Amino acid sequence: MNTFHFALRLLRRDWRAGELRLLAIALLIAVASVTSVGFFTDRIERAMARQASEVLAADLRIESNQPLPELLLEEAQRGQLQYAKTLSFPSVILHNEQTQLVQVKAVSPGYPLRGQMRVRDRVNGADRVTMELPASGEVWLEERLLPLLDTAIGDSIKLGKRSFRVSRIISYEPDRSANLFRLAPRLLVPIGDIDETGLLGPASRVRHYLLLAGSPMQMDDYRAWVDRLDISGIEVEDIRSARPELRSALDQGGRFLRLAAATAILLCMVAVALSSRRFVERQSDSSALLRCLGASRQQVIQIFTLRLMGLGLIASLIGVLLGLGVQSLLINLIGHWFTNQIPSPTAWPLLSGLVTGILVLIGFSLPSIIRLGKVSPLRVFRRHLDAPPISYLLSVAAALLSLSVLLIWQIGDDKLALRLISGLLAGLVILLLISRLLVYLLAPLRNLTSGSWRYGLASLSRNPATTSIQLTGFGLGFTVLLLLAIVRVDLLASWQGTLPDDSPNQFLINIQPQEVDGVDALLAQGGITTNGLFPMIRGRLISIDGNRVSSDSYDNPRAQRLATRDFNISHASQPQTDNKIVSGNWWSESQLQQPWFSVEQGLAETLGIPLGAELEFEIAGSRIKGRVENLRSVEWDSFNVNFFVIGTPGLLGSRPATYITSFYLPDEKRSLLHSLIQRYPSITALDVTALMTQVRAIMDRGALAVESVFIFTLAAGLILLYAGIQASHELKVQETAVLRTLGVKRTTLLLSTLLEFALLGGLAGLVSAALASAISYSLAQTVFNLPWQLDLSMWFSALAGGALCVSIAGTLASRPLLNTPPLVTMRKV
Amino acid sequence: MLQPSSNQHPVTARGLVKFVETAAGRIDILHRIDLKVSPGEAVAILGASGSGKSTLLGLLAGLDQASSGEVRLFGTSLNQLDEDGRAALRAGKVGFVFQSFQLLSGMTALENVMLPLELAGEGKPEEAAKAALSAAGLSQRLDHYPSQLSGGEQQRVALARAFAPDPKVLFADEPTANLDAHTGERVADLLFSLREQSDTILILVTHDEMLARRCDRRLYLRDGVLENGA
């Protein structure tokens, strides 16, 4: 027999007969959910990343303090990437005998590759987007330079040997924020005019930048090529390495979106497992007959596996097409929120959907199919001979393997995936135990009740296997739905809380010690509140526990960069309010003179600094040693002043320092900033309003994406509900027919069905609330770094929601049985 | 290859015993059954409900294993074969007719009849199946699903399925028990007519004396013991 052709013929017949329809629909929705979430998140993530890449003005930025090797540009041209060159260096400009330190930025045509420049044509004029750049002989200035130099639009200033006309005021440049604290007031000049200034010599402190943009694939290829070359002295930055606060928002959003996709898979896995179980029950007769007619066990397994795989492939293909359509609708709905065009879909989610469909079938259907091969041919005489249960180990191993592969792959975060898997496994065991306990407790209870209660309880305790499976299925489904709901609410609240309206939008740096009191007083007079003025000391890390720190000590590019850069270090008696000590202890009043450091957790991980390590810094030519007394987590996205390393006042208090502060400056008080700069010209004021708007926009769109993705998970939950209800359908058909034949009233049966499913749903809801709370606590603490609190209202909602949803769905599904004459039902049995 | 004795007695049972162990103790179903069936012979096994008729049929067809004793089918001892081996021995050579028809509900009459032909590797299963259904008087019902057929028609489809691969042995388990007297008689007529045309051995389990009388030999199973056997 040609098993393949035979199986295909059977599949055609199955499809016609609707035998595999439930499983196919479960799989189709699973794949559609995964694919649409995949397509959607892929496109949104790329759009978010592209939007976020504005902070680099490019997708990728290569920088060096030496002229960049020409081959970098040649390769970009060969790969048809967009590119622009920029130079950045400090210099002094001259106007009417006044000089002012500026940070010159020379740009080539094409700049910026991502994002847009905004300019003003006059002071207090409206700012507007511009696609232009300064023409040859012109410069654009930052607004704060005008009062400092007492100059105006149209005036001439001198930069090096060449004069330039001031033609515009820069109100926003996309990559301005990338090196927040290294910037003096900005001056933008065409790169072609730089040679004539005569400012660049071999010893100039100039940074050379090559900005690149292209499709993600082009950028990945280029990045891989650059990494392979391993050119010394260059730094390659993409959005994820550009800004910690943006990286944090993006990472959290991305993690959540992937978690949402994974939960959709999980729900569908349970739905497929339940549908497969029902399929096996319904196909046991076919299997017995095939065995009776001479098919070997292997042939039976092959026939059913091929049928199932064929079905899986068809359902998955339809699912990916459906997913493609749905994501397109969603993108149309929210696409206008993005300033950039949403990138086109890639083929990856399509492939991912297909593979997901097949993996779900292998993990959650194949073990059931193996059961079909074990059906005794004697079943043709004795229908009670069910397919023997398969090895528990095999089914658990197959499900676990499939689950692990899919979750780790989809979530892309081993830690998160493993936590989720272990939480769900623990949940599975608890749900199974509770369902067994329920059946055990219900058995005596049914004798104490009567009427609908008695039938409802009897139905649950009579079929312990089905009850366990339903309770476990519903419980797992509710758990992931609740989990996602909790994390979603926490995440959105956290994002909104991260950047309240009065978040600092101004930084003052380079405040001299003697200016601290004056600045503080001036701000206070203006009604401005700060978190304080913090000392800032520049220092370079020399050694950790006596081992010299150099870029060669690390493989990680970030670590290499950090190892060669000066840090901003501070000293403090108290930790910042948004800092949390994660290990060790903050110093007490009596310990302020101890030679101790507090290190930011991420930096400690990157550079391999353990608690208790001895650090040596070089500060202004002298070396200081101290022990790491504690590690801190820092909310970088709070826009408060924060430091990677803080020392005790006793250790660093005597070192030369400048001061820094941040505060919220409302628009109507901007004149205060002008007076402050005029009174203290050495202070540099940095306006991060535009950057904050940018971060807020990313978070808002991320929140919208999160809400949209949640809808898919809910849809998957509904399918699971249907599959769960169907799990006991065959038993219900028989029982209902018998009970009605024996004269039990329709209303009694209807009420008993309602009670049975309400009990099942309520219990599943309650257990899942406990599980979801436990898992969300673990995720909040370790993965999302979100605050967590026990939400008792969620427990009540889960209890009531579970009882309500399952009882309504179960009763609706059972209604046709109650409306069909028992004789008709009995004939079908 | 068939052994010489198989030509004389394609189905034999020697000292066949079947019992099951339950929580309440051992239940004996069959006691030392001996049986030899000659080529072309029709044997009826009669007995009350629960006497072990279907168990005996299952053992003779290799669907179940005896607790002790031996069944030889076409000269091959079923004791020497595993379940797959016994299935391979049945393929195309053994037909079944069941009390509850055992038609696959998702398949049409034609597809149900094609099933054993496809499993036996028949080259043109559709043609052979159509011929079998035509012989059963169902050429107008090829594309009907079991639910669209009457009980009698369903059993005729089952007979067409059983005879389509031209089996050497046909095992029939109460083939008329689910039918009314008139329909049962017509199905029985068809069964014996098809058997005569193909010269197939028939081993029929029934509690219907009238049906049993149409067989060459009648055996009685009482309390697990076969009487008038061998």
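Keep in mind that this is a model prediction, so the values were computed, not measured.

### Section: the overall build of chain A
Of the regular secondary structure elements, chain A holds 25 helices and 22 strands. The proportion of buried residues among the 829 residues of chain A is 46%. Long-range pairs, those at least 24 residues apart, make up 85% of the contacts in chain A between residues at least 6 apart in sequence.

### Section: the confidence of the model for chain A
Residues and elements named next belong to chain A. Confidence along chain A averages 80 in pLDDT terms, with 86% of residues attaining 70 or more. Summarising per-element confidence for chain A, the mean pLDDT is lowest in helix H25 (residues 822-828) (58) and highest in strand S17 (residues 596-600) (94). For residues 178-182, every residue scores under 50 in pLDDT, and the model assigns this stretch seven contacts once sequence neighbours within four places are set aside.

### Concerning the interface of chain B and chain A
At the junction of the two partners, chain B supplies 26 residues and chain A supplies 21 residues. At the level of elements, helix H2 (53-60), helix H3 (83-90) and helix H4 (109-119) of chain B are the ones that each hand at least two residues to the side of chain B that touches chain A.

### Remarks on the sheet that holds strand S7 (residues 169-173) of chain B
Residues and elements named next belong to chain B. Strand order in the open sheet formed by six strands is S6-S7-S8-S3-S9-S10, with mixed pairing between adjacent strands. A strand with exactly one partner marks an edge of an open sheet, and here the two such strands are strand S6 (94-97) and strand S10 (225-227). Here the strands of the sheet are splayed against their neighbours by 20 degrees on average, with no regard to which way each runs. Of the pairings in the sheet, the one linking S6 to S7 comprises four bridges and is parallel in character. Counterpart to valine 94 in the pairing with S7 is valine 169.

### Points about the nonpolar core
Counting residues in hydrophobic clusters, the biggest one holds 187 residues, and the most contacted among them are Ala26(A), Leu27(A), Ala30(A), Cys268(A), Ala271(A), Val272(A) and Ile203(B). Broken down by element, the residue count for this core peaks at 21 residues, all from helix H8 (residues 244-292) of chain A. Setting aside chain neighbours within four positions, we find Cys268(A) in contact with Ala26(A), Ile29(A), Ala30(A), Ser33(A), Val360(A), Ala716(A) and Ile719(A).

### Things to note about the sheet that holds strand S1 (residues 11-22) of chain B
Sheet strands pair via backbone hydrogen bonds, and the direction of the pair is either parallel or antiparallel. Residues and elements named next belong to chain B. Taken in spatial order, the four strands of this open sheet run S2-S1-S4-S5, and their pairing is antiparallel. On the outer flanks of this sheet lie strand S2 (25-37) and strand S5 (76-77), each paired with one strand and no other. Where strand S4 (residues 68-73) and S5 come together, two bridges link them in antiparallel fashion. If you follow leucine 73 over to S5, its bridge partner there is threonine 76.

### Describing helix H22 (residues 729-741) of chain A
Its 13 residues give H22(A) an end-to-end C-alpha distance of 18 Å, which sits within 8% of 18 Å, the value for a rise of 1.5 Å per residue. In the stretch just after H22(A), Gly743(A) is the one whose phi turns positive, near 100 degrees.

### Thoughts on unusual backbone geometry
A cis amide bond, omega -10 degrees, links Tyr111(A) with the succeeding residue Pro112(A). Tracing the backbone through its elements, the reader meets Pro112(A) in the loop between strand S3 (98-107) and strand S4 (117-120). The phi dihedral of Asp150(A) is positive, around 55 degrees, even though this residue is not glycine. Within the secondary structure, Asp150(A) is located in the loop between helix H4 (145-149) and strand S7 (156-159). Its 12 C-beta neighbours within 10 Å are what place Asp150(A) among the exposed residues. One non-glycine residue, Gln102(B), lies in positive phi territory at about 55 degrees. Residue placement: Gln102(B) occurs in the loop between S6 and H4.

### Here we look at the confidence of the model for chain B
With 96% of its residues at a pLDDT of 70 or more, chain B shows a mean pLDDT of 87. Across chain B, strand S3 (residues 42-46) of chain B holds the top mean pLDDT of 93, while helix H1 (residues 4-8) of chain B sits lowest at 60.

### Looking at the pairing of strand S21 (residues 658-663) of chain A
Residue and element names in this part refer to chain A. Burial analysis of S21 places five of its six residues in the buried class, the great majority of the element. Note that strand S12 (residues 506-511) and S21 share four bridges and pair antiparallel. Within the sheet, the bridge partner assigned to leucine 508 lies in S21 and is threonine 661. Where strand S13 (residues 534-544) meets S21, three bridges bridge the pair, whose relative direction is antiparallel. Paired with phenylalanine 534 across the strands is isoleucine 660, a residue of S21.

### Description of the environment of Val326(A)
Residues and elements named next belong to chain A. With respect to the secondary-structure elements, valine 326 resides in helix H9 (residues 297-334). The class of valine 326 is buried, set by 20 C-beta atoms lying within 10 Å. Sequence spacing of valine 326 and phenylalanine 40 is 286 residues, and the spatial spacing of their C-alpha atoms is 8.9 Å. In contact with valine 326, not counting residues within four places along its chain, are Ala32 and Ser36.

### What about the environment of Ile29(B)?
Residue and element names in this part refer to chain B. The topology assignment puts isoleucine 29 in strand S2. Taking the C-beta count within 10 Å as the criterion, isoleucine 29 has 19 such neighbours and is therefore assigned partly exposed. When the C-alpha positions of isoleucine 29 and glycine 52 are compared, they lie 5.9 Å apart, and in sequence the two are 23 residues distant. When sequence neighbours within four positions are dropped, the list of residues in contact with isoleucine 29 reads Lys18, Phe19, Val20, Gly52, Thr55 and Gly224.

### Digging into the environment of Met309(A)
By the secondary structure assignment, Met309(A) is in helix H9. Taking the C-alpha atoms as reference points, Met309(A) and Leu366(A), separated by 57 residues in sequence, lie 9.4 Å from one another.

### Focus on the packing of H22(A) against helix H24 (residues 792-819) of chain A
All names here are of chain A. It is at 10 Å that the axes of H22 and H24 come closest, and there the two elements cross at 35 degrees. Remark: the crossing between H22 and H24 carries right-handed chirality. For the pair formed by H22 and H24, the contact residues are Lys732, Val733 and Thr736 on the first element and Ser814, Leu817 and Leu818 on the second. When its residues are assigned to classes, the contact of H22 with H24 shows three nonpolar, two polar and one charged.

### Focus on the packing of helix H6 (residues 151-163) of chain B against helix H7 (residues 181-198) of chain B
Residue and element names in this part refer to chain B. Contact pair H6 / H7: the axes reach a minimum separation of 10 Å and the direction vectors enclose 15 degrees. Judged on the interaxial angle alone, H7 and H6 are roughly parallel. H6 and H7 meet at a crossing whose hand is right-handed. The segment H6 lies against H7, with Gly151, Gly152, Gln155, Arg156, Leu159 and Phe163 engaging Thr183, Arg186, Val187, Leu190, Leu191, Leu194 and Ser198. Taken together, the residues of the contact of H6 with H7 sort by class into six nonpolar, five polar and two charged.

### What to know about the pairing of strand S15 (residues 566-571) of chain A
All names here are of chain A. One ladder, built from four bridges, connects S13 with S15; its direction is antiparallel. Bridge assignment links arginine 540 to a residue of S15, and that residue is aspartate 566. Across three bridges, the pairing between S15 and strand S20 (residues 645-647) is parallel. Following the sheet pairing, isoleucine 569 is matched in S20 by valine 645.

Criteria and thresholds
- Residues numbered from 1 in each chain as written.
- Chains lettered and ligands numbered in written order.
- Predicted model: local features only at pLDDT ≥ 70, side-chain atom pairs only at ≥ 80, totals over all residues.
- Helix = DSSP H or I, 4+ residues; strand = E, 2+ residues; numbered from the N terminus.
- Buried ≥ 20, exposed ≤ 12 C-beta atoms within 10 Å, placed from the backbone.
- Contact = placed C-beta atoms within 7 Å.
- pLDDT = per-residue confidence, 0-100.
- Pairing = 2+ DSSP bridges.
- Axes fitted to C-alpha atoms, helices over the stretch in contact; angles between N-to-C directions.
- Core = buried A, V, L, I, M, F, W, Y, C linked by C-beta atoms within 7 Å.
- Expected span 1.5 Å × (residues − 1).
- Left-handed = near helix turned anticlockwise from the far one by under 90°.
- Nonpolar A, V, L, I, M, F, W, Y, C, P; charged D, E, K, R; others polar.
- Parallel < 35°, antiparallel > 145°, perpendicular 65-115°, else oblique.

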